[in-house]
Amino acid sequence: MQVWLFDGEGAVREHARGTGAGVALLARLGVEAGRVEIEPDADSGHHAALQALRERYGIVHEDRVVLRPGDPAWPPLRARFLEEHTHTDLELRIFVNGRGLFHVRLPVGELAVLCTAGDWIAVPAGVAHRYDGGHSADFEALRFFSRAQGWEAAPTGAGAPTLPLLDELLAGRVAAAATAVAGAR
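What comes next is a walk through the structure. (Residues numbered from 1 in each chain as written. Predicted model: local features only at pLDDT ≥ 70, side-chain atom pairs only at ≥ 80, totals over all residues. Heavy atoms only, no water.)

## A short note on the packing of aromatic side chains
Okay, step 1: Within this structure, the stated rule accounts for 8 aromatic pairs.
Okay, step 2: When the ring of Tyr131 is compared with that of Phe139, the centres are 5.5 Å apart and the planes differ by 70°; the resulting orientation is edge-to-face. With respect to class, Tyr131 is no different from Phe139; both count as buried.
Okay, step 3: One aromatic cluster is present, built from ring pairs that chain together Trp74, Phe81, Phe95, Phe102, Tyr131 and Phe139.
Okay, step 4: Directly above the ring of Tyr131 sits Arg93, whose terminal nitrogen or CZ lies 4.2 Å from the centroid. (Phe/Tyr/Trp six-rings, centres within 6.5 Å; stacked < 30°, edge-to-face > 60°. Buried < 20%, exposed > 50% of the residue type's maximum accessible area, 1.4 Å probe, protein only. Lys NZ or Arg CZ within 6 Å of the ring centre and 35° of its normal.)

## Things to note about the environment of Gly118
Okay, step 1: If you trace the backbone, Gly118 turns up in the loop between β7 (109-116) and β8 (119-123).
Okay, step 2: On the accessibility criterion, Gly118 (4% relative accessible area) is buried.
Okay, step 3: Considering only alpha carbons, one finds Gly118 and Thr19, 99 residues apart in sequence, at a separation of 9.9 Å.
Okay, step 4: With sequence-adjacent residues up to four places away left out, Gly118 is seen in contact with Gly34, Arg35, Val36 and Phe95. (Helix = DSSP H or I, 4+ residues; strand = E, 2+ residues; numbered from the N terminus. Contact = heavy atoms within 4.5 Å.)

## Focus: helix α1 (residues 19-28)
Okay, step 1: Within α1 the residues assigned to the buried category are Gly22, Leu25 and Leu26. For α1, the angular spread of buried residues about the axis comes to 95°, placing them on one side. Away from its buried face by more than 90 degrees, α1 exposes Gly20 and Arg28.
Okay, step 2: Where α1 ends, the next residue or the one after it, Gly30, has phi of about 90°, a positive value. (Arc of directions from axis to C-beta.)

## As for the nonpolar core
Okay, step 1: The biggest cluster of nonpolar side chains holds 27 residues, and the ones touching the most others in it are Val3, Leu26, Phe102, Leu111, Val113 and Phe139.
Okay, step 2: When contributions to this core are tallied by element, the ones reaching two or more residues are β1 (2-6), α1, β4 (61-67), α3 (74-82), β6 (91-106), β7, β8 and β10 (139-145).
Okay, step 3: Sorting elements by how many residues they give to this core places β6 first, with 4 residues.
Okay, step 4: In contact with Val3, not counting residues within four places along its chain, are Glu14, His15, Ala16, Gly22, Leu25, Leu26, Leu111, Ala112 and Val113.
Okay, step 5: In this structure, Ile59, Leu90, Leu92 and Leu142 belong to the second largest nonpolar core, which totals 14 residues. (Core = buried A, V, L, I, M, F, W, Y, C linked by side-chain atoms within 4.5 Å.)

## Digging into the pairing of β8
Okay, step 1: Across the 5 residues that make up β8, a large majority, 5, are buried.
Okay, step 2: Burial along β8 is two-sided: Asp119, Ile121 and Val123 facing one way and Trp120 and Ala122 facing the other are all buried.
Okay, step 3: Strand direction decides the pairing type here: β6 and β8, joined by 4 bridges, are antiparallel. Bridging across to β8, Glu91 finds its partner in Val123. (Pairing = 2+ DSSP bridges.)

## Brief notes about the environment of Ala112
Okay, step 1: Along the chain, Ala112 falls in strand β7.
Okay, step 2: What makes Ala112 buried here is its relative accessible area of 1%.
Okay, step 3: Leave out the neighbours within four places in its chain, and Ala112 touches Gln2, Val3, Trp4, Phe6, Leu101, Phe102, His103 and Leu163.

## Details of the side chain of Arg78
Okay, step 1: Inspection of the secondary structure puts Arg78 in helix α3.
Okay, step 2: Judged by relative accessible area, which is 15%, Arg78 ranks as buried.
Okay, step 3: Excluding its chain neighbours within four sequence positions, the residues that come into contact with Arg78 are Asp132, Gly134, His135, Leu165 and Asp167.

## Some remarks on the environment of Pro75
Okay, step 1: Structurally, Pro75 is set in helix α3.
Okay, step 2: Classification of Pro75 by relative accessible area gives exposed; the value is 53%.
Okay, step 3: Sequence separation of Pro75 and Ser136 is 61 residues, and the distance between their C-alpha atoms is 8.8 Å.

In structure tokens, the structure reads:
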């Protein structure tokens, strides 16, 4: 897991690399996250760590999203996920394999949270966010919700993403900015 906190002008204010540092930064900002080891073929219904998360967050609905490169369902899904939105309930996402990027808007700035296999993030109800799996998605994730309706997004009407998307981030655009911030300290 990696987390970048951007200020209102898009400059990197903080960068946390690794699960411990990322979880600590997110917790300080009111977003819970963590790590759980889950085998890709595992039956999620019988996994003790997942059951603990279900109980902790009052999960009543879950689904599994599996996307591979070239999947024709991805372009329209990506457009929906990239539209900034909120939920009336918590969204808990656990990455089984692959990776994905959340943008989370908070009063103190915007977060970019890069999750990889084993990472989980709990976006609180009412918090504006977006998700990107890159141009050619290759991930599997469990999505847990505290309402039976599952994934219901309420668009915020915000424009296009201003933070780097997954492909830009992986190409090093943010890493260079984060290195400059770290060097200035």
